[in-house]
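Read off the chains here:
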Amino acid sequence: MKPLTTLWCGGALAGMAMLSQAAQVAIALPPETAALRPSPLPGYQVAAQKCATCHSADYINYQPPGMNQAQWTSEAAKMQHAYGAPITDQDVKVIGAYLAVAYGSAQATDADVLAAGPVVAAQGADVMALLNTHGCLACHAIDKKVVGPAYRDVAGKYAHDAEGLSKVMASIRLGGSGKWGEVPMPPFPQLSNEDVQALAAFVLRQ
């Protein structure tokens, strides 16, 4: 009769072999549905571009209500220094001002809010709203690969292509895979032509 240790080791090795032969299970996460509150403040665009690459917009709702600009700016600075968020000191200021107005106690007309950065054009805010609403920033960032390519890399690829705008519009409208890897991009047939063009033009400006 074999020793128990031999039997146990043999059984363990057999179990490990069976596990190694098991098919890998692909887990598909649901698309991001939370969105930042739109604002003409410049911090809205910066937050949509950079904060969403690390956490959901829902994270903001977990913070205490009524925080002032200094408190929100401190939170943004913590993301930069403690967690290595890819934001500059100026980004911290404009994000803090935006969050204080959109989620806290500040007003858009406060002197400290206006001092953080100028109000941006409505068209830019509309593009950021589209990016948030349709979960684009859950898979893309401006300057680094997330799930899909960085917008800056897409802009570089089509920089000298006369049909670049139409090609990017087709990718947004139809989705697909193979251009930037095997992970598929979902189609967005529900978007209007104007929205698709605005998004494609935004990507190509990066």
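Residues numbered from 1 in each chain as written. Predicted model: local features only at pLDDT ≥ 70, side-chain atom pairs only at ≥ 80, totals over all residues. Heavy atoms only, no water.

## A word on helix H10 (residues 193–204)
Piece 1. Helix length check: H10, at 12 residues, gives a terminal C-alpha distance of 16 Å against a target of 16 Å (1.5 Å per residue), a fit within 8%.
Piece 2. Along H10, the residues classified as buried are Val196, Leu199, Ala200, Phe202 and Val203. Looking down the long axis of H10, one finds its buried residues gathered within 160° of arc, a one-sided arrangement. Across H10 from its buried face, at more than 90 degrees, point the exposed residues Asn193 and Glu194. (Helix = DSSP H or I, 4+ residues; strand = E, 2+ residues; numbered from the N terminus. Expected span 1.5 Å × (residues − 1). Buried < 20%, exposed > 50% of the residue type's maximum accessible area, 1.4 Å probe, protein only. Arc of directions from axis to C-beta.)

## Quick word on the pattern of salt bridges
Piece 1. Applying the stated criterion across every chain yields a total of 2 salt bridges.
Piece 2. Note that Lys78 is salt-bridged to Glu75, the shortest N-O span being 3.4 Å. Of this pair, Lys78 and Glu75 both sit in helix H4 (residues 69–81), separated by 3 residues, roughly a single helical turn.
Piece 3. Taking relative accessible area as the criterion, Lys78 reaches 33% and is therefore assigned partly exposed.
Piece 4. Given a relative accessible area of 18%, Glu75 falls into the buried group.
Piece 5. Where Lys167 meets Asp161, a salt bridge forms, and the shortest distance between an N and an O atom there is 2.7 Å. (Salt bridge = Lys/Arg side-chain N within 4 Å of Asp/Glu carboxyl O.)

## Some details on the side chain of Asn132
Piece 1. Take Asn132: it is sitting in helix H7 (residues 122–133).
Piece 2. Excluding residues that lie within four positions of it along the chain, Asn132 makes contacts with Ala34, Ala35, Leu36, Tyr44 and Ala48. (Contact = heavy atoms within 4.5 Å.)

## Some remarks on the packing of aromatic side chains
Piece 1. Enumeration over the complete set of coordinates arrives at 4 aromatic pairs.
Piece 2. With centroids separated by 6.4 Å and ring planes inclined at 55°, the aromatic side chains of Trp72 and Tyr103 adopt a geometry described as tilted. Of the two residues, Trp72 is situated in helix H4 and Tyr103 in the loop between helix H5 (89–102) and helix H6 (111–116); the sequence distance between them amounts to 31 residues.
Piece 3. A relative accessible area of 3% places Trp72 in the buried class.
Piece 4. Classification of Tyr103 as buried rests on a relative accessible area of 12%.
Piece 5. Taking 6.2 Å as the distance between ring centres and 85° as the angle between the ring planes, the aromatic pair formed by Tyr151 and Phe202 counts as edge-to-face. Taken as a pair, Tyr151 in helix H8 (residues 151–157) and Phe202 in helix H10 lie far apart in primary sequence, 51 residues in all.
Piece 6. The exposure class of Tyr151 is buried, given its relative accessible area of 6%. (Phe/Tyr/Trp six-rings, centres within 6.5 Å; stacked < 30°, edge-to-face > 60°.)

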